[in-house]
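# Summary of the model geometry
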Amino acid sequence: MAPNENTTDDTKLISRERQDNEGWYKLSFDNGYIGQYPYVWLKDNCRCSACYQPSAWQRTSHIADLDPEIIPQSDDITDGGAGFRIIWPGGHRSDFLAEWLNRQRFSETEKDFVDGQKLAIWGAEMDTDVEKFDFNKIVTSDTELYNWLSVLGSKGMAMVQGAPLKVGAVGQLAKRVAYLRTTVYGDTFQVFSKLDASSVAFTPKSLGLHIDQLFYEYIPGIQMLHCIEQAGEGGENQFVDGVNIAEQLKRDYPEEYQILRTTQIDFRDAGDDHLRYHLKSRRPMIQYDRHGNFMCINYSDHCRSTELSLPVDQVKNLYKAIKVFNSVMYRPENVFSHRMDPGEIMTFSNGRVMHGRSAFKLTSGSGSRHLEGGYFDWDEAKSALRVLRENLFGDKRL
């Protein structure tokens, strides 16, 4: 959870030094920080009404008018250190807040809290450790909404309890954040056994652990599964933390890990559900960003394509690596199993948490098994977290 103190910054600027040969100011602050601020960057980020639209948080100046070799005409520390003023050639004036400058540290800039959340790795112990949230509180309380989204950011998984036993609850949760992500299965999808099913999920068969919608170039970020009715035998859900699996593979099977990091695998889905579709994508099974931070797992036996766009002599080694991945994933200490009760909604990061289900059998007079699923995206969830931090904790938008 985040601290609840007000985060207003009253940092003051105590000295400035021009370094024209380098093309920057050396600025010193009363908190001990000393940083370099390039002249061209300062001019590009002028906050005057001619260069910046504050209501939109966007610059209105144009790069075509910017001189990368610009040198200030004069400068001054203003308002007892709270501000910094620059006069440019031609008389254009730029005023900057010291607290704003203090937060602009280039390679040393502190990470955004939302993007910088530490990932909490987990395994089978999630059976007792899964964090639970009340549906009605999320719908009515910004604090509960913030706490739920924060847990999704750090652990990738949370349980919501007390949802109404009818279709529409996942839409209510998504609306608290932004809106549902529509897919080829519609705004939401109903999980029960169907004839001529467009997905293995819509049959009583078991589902192997997987990530949803890998045939999209941009897969849905957060999934919600709402148990409306649970009947018969079986149908237990399993969940596995992909960060945990990637770390175990890196430690125990480095060669296979490297194959899965670097080899593009084809995924596809075709059918006629919400609309007629035929989707394809290619991606590595374990994916990191350019800084080496975990991004996602891309794994689904159900929608791996027959196509493999790689040299034929690499095919067998890829299959061996996938099999190793699968064996590590299903280690008992890695799998959190839970048979959902009516009114529970399992919410989880779709690119991180793999999910599956045991086969189920409906018995005579037992009723039916009905889950509703839906998605929303991380872009909107992170946006909501930032806005909530501003409103709840006083994070200042500069």
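Bear in mind that the values here come from a model prediction, so they are computed numbers and not experimental data. Note on numbering: residues in each chain are counted from 1, in written sequence order. Residues qualify for local features only when their pLDDT is at least 70, as the model is predicted, and side-chain atom pairs are given and counted only at 80 or more; totals for whole chains, interfaces and linings, by contrast, use all residues. Heavy atoms from the whole structure form the basis of all side-chain values; hydrogens and water molecules are not counted.

### So, the pairing of strand β17 (residues 276-283)
A pair of strands counts as paired when DSSP detects no fewer than two bridges linking them. The helix count covers DSSP runs of H or I at least four residues long, the strand count covers runs of E at least two residues long, and both are numbered beginning at the N terminus. Strand direction decides the pairing type here: strand β16 (residues 265-272) and β17, joined by eight bridges, are antiparallel. Across the sheet, the residue bridging to A270 is H278, located in β17. In sequence, β16 turns back onto β17 through a hairpin of three residues.

### As for the packing of helix α5 (residues 142-154) against helix α6 (residues 169-177)
Two numbers describe how α5 lies on α6: the axes approach to 11 Å, and their chain directions differ by 95 degrees. Between α5 and α6, the interaxial angle falls into the category roughly perpendicular. Between α5, through D142, L145, W148 and L149, and α6, the contact on the second element is made entirely by L173, R176 and V177. The convention used is that axes are lines fitted to C-alpha atoms, helices contributing only their stretch in contact, and that angles between N-to-C directions extend from 0 to 180 degrees. For classification, angles of less than 35 degrees are called roughly parallel, those exceeding 145 degrees roughly antiparallel, those between 65 and 115 degrees roughly perpendicular, and all remaining angles oblique. By definition in these notes, contact holds between two residues if any of their heavy atoms fall within 4.5 Å.

### A closer look at the pairing of strand β1 (residues 13-19)
Examined bridge by bridge, β1 and strand β2 (residues 24-29) share six bridges and lie antiparallel to one another. Each residue of the ladder has a partner; that of Q19, found in β2, is W24.

### Considering a negative patch on the surface
Patches draw on residues past 30% relative accessible area with no salt bridge. Two like charges within 9 Å are joined, as are two nonpolar side chains (Val, Leu, Ile, Met, Phe, Trp, Tyr) within 5 Å. Here the open area of atoms and residues is found with the Shrake-Rupley method and a 1.4 Å probe, where only the protein chains shown may cover a residue. Salt-bridge detection follows one rule: a side-chain nitrogen of Lys or Arg within 4 Å of a carboxyl oxygen of Asp or Glu. A positive count includes Lys and Arg, and a negative count includes Asp and Glu. His and the chain ends are not counted in either. Each charge is placed at NZ for Lys, CZ for Arg, CG for Asp and CD for Glu. Together, E125, D127, D129 and E236 line one region of the surface with negative charge. Along the chain, the position of D127 falls in helix α3 (residues 126-129).

### Comments concerning the side chain of N102
For N102, the location among the structural elements is in helix α2 (residues 98-103). Here the side chain of N102 touches T11 through a polar contact of 3.5 Å, side chain to side chain. When near neighbours in sequence (up to four residues on either side) are disregarded, N102 contacts D9, T11, F29, N31, Y33 and Y37. We define a polar contact as two N or O atoms separated by no more than 3.5 Å, with the added condition that, inside protein, one atom must be a possible hydrogen donor and the other a possible acceptor, whereas residues neighbouring each other in sequence contribute only through side-chain atom pairs.

### Quick notes on the nonpolar core
What we call a nonpolar core is a set of buried Ala, Val, Leu, Ile, Met, Phe, Trp, Tyr and Cys residues that are connected through their side-chain atoms within 4.5 Å. Burial classes follow relative accessibility: with a 1.4 Å probe on protein chains only, a residue under 20% of its type's maximum area counts as buried, one over 50% as exposed, and anything between as partly exposed. Core analysis: the biggest nonpolar cluster contains 52 residues, and M157, L249, L260, I286, F325 and M354 have the highest contact counts within it. A per-element tally of this core places helix α9 (residues 315-329) first, with seven residues. Aside from chain neighbours lying at most four places away, what touches M157 is W122, M126, V130, V151, L152, F239, F336, M346, T347, F348 and V353. Core analysis: the second largest hydrophobic core is formed by 28 residues, L173, A174, W378 and L388 among them.

### Examining helix α10 (residues 378-393)
Helix span, as expected, comes to 1.5 Å for every residue beyond the first. With 16 residues, α10 extends 21 Å from end C-alpha to end C-alpha; this agrees with the ideal 22 Å at 1.5 Å per step. Among the residues of α10, those classed as buried are W378, A381, A384, L385, L388, R389 and F393. Projection of α10 onto a plane perpendicular to its axis shows the buried side chains occupying an angular sector of 140 degrees, all on one side. Along α10, the residues that are exposed and aim more than 90 degrees away from the buried face are D379 and N391. Contacts made by the buried residues of α10 are with α5, α6, β13 (222-229), β21 (345-349) and β24 (370-376). Here the arc refers to the directions that run from the helix axis out to each C-beta atom.

### Comments concerning the pattern of salt bridges
Applying the stated criterion to the full structure yields 21 salt bridges. Two residues, R251 and D252, come together in a salt bridge whose shortest N-O distance is 2.7 Å. Looking at D252, the relative accessible area reads 32%, which means it is partly exposed. R389 is the partner of D395 in a salt bridge, and the nearest nitrogen-oxygen pair spans 2.7 Å. A relative accessible area of 6% means that R389 is categorised as buried. A cluster of three or more residues bridged by salt bridges with shared partners is formed by R16, R18, D20 and D75.

### Structural notes on the environment of E110
For E110, the position within the fold is in the loop between α2 and α3. In the structure, E110 is positioned 273 residues away from S383 in sequence and 18 Å away in space, judged by C-alpha atoms.

### Notes on the packing of aromatic side chains
In this analysis, rings of Phe, Tyr and Trp, with Trp reduced to its six-membered ring, are considered paired at centre separations within 6.5 Å, and the interplanar angle assigns stacked below 30 degrees, edge-to-face beyond 60, and tilted for intermediate values. Summed over the entire model, instances satisfying the criterion amount to 19 aromatic pairs. With 5.1 Å between their ring centres and 75 degrees between their planes, Y25 and Y39 make a pair best called edge-to-face. Highlighted residues: Y25 in strand β2 and Y39 in helix α1 (residues 39-44), separated in sequence by 14 residues. No difference in accessibility class separates Y25 from Y39, as the two residues are buried. An aromatic cluster is defined as three or more aromatic residues linked by ring pairs; in this entry it consists of F29, Y33, Y37, W41, F96, W100 and F106. In our convention, an over-ring charge means Lys NZ or Arg CZ found within 6 Å of a ring centre and within 35 degrees of that ring's normal. Over the ring of Y216 we find R181; its NZ or CZ atom is 5.4 Å from the centre of that ring.

### Digging into the packing of helix α7 (residues 242-252) against α9
Relative to each other, α7 and α9 sit at 120 degrees, their axes nearing to 10 Å. Judged by the angle between their axes, α7 and α9 are oblique. Relative to α9, α7 is oriented so that their crossing is right-handed. From α7, I245, Q248 and L249 reach across to α9, where they touch V324, F325, V328 and M329. For this scheme, ten residues count as nonpolar: Ala, Val, Leu, Ile, Met, Phe, Trp, Tyr, Cys and Pro. Four count as charged, namely Asp, Glu, Lys and Arg, and the remainder, Gly too, count as polar. Tallied by class, residues from the contact of α7 with α9 come to six nonpolar, one polar and no charged. By definition, any crossing whose near helix is turned counterclockwise from its far helix by less than a right angle is left-handed, and any crossing with a clockwise turn is right-handed.

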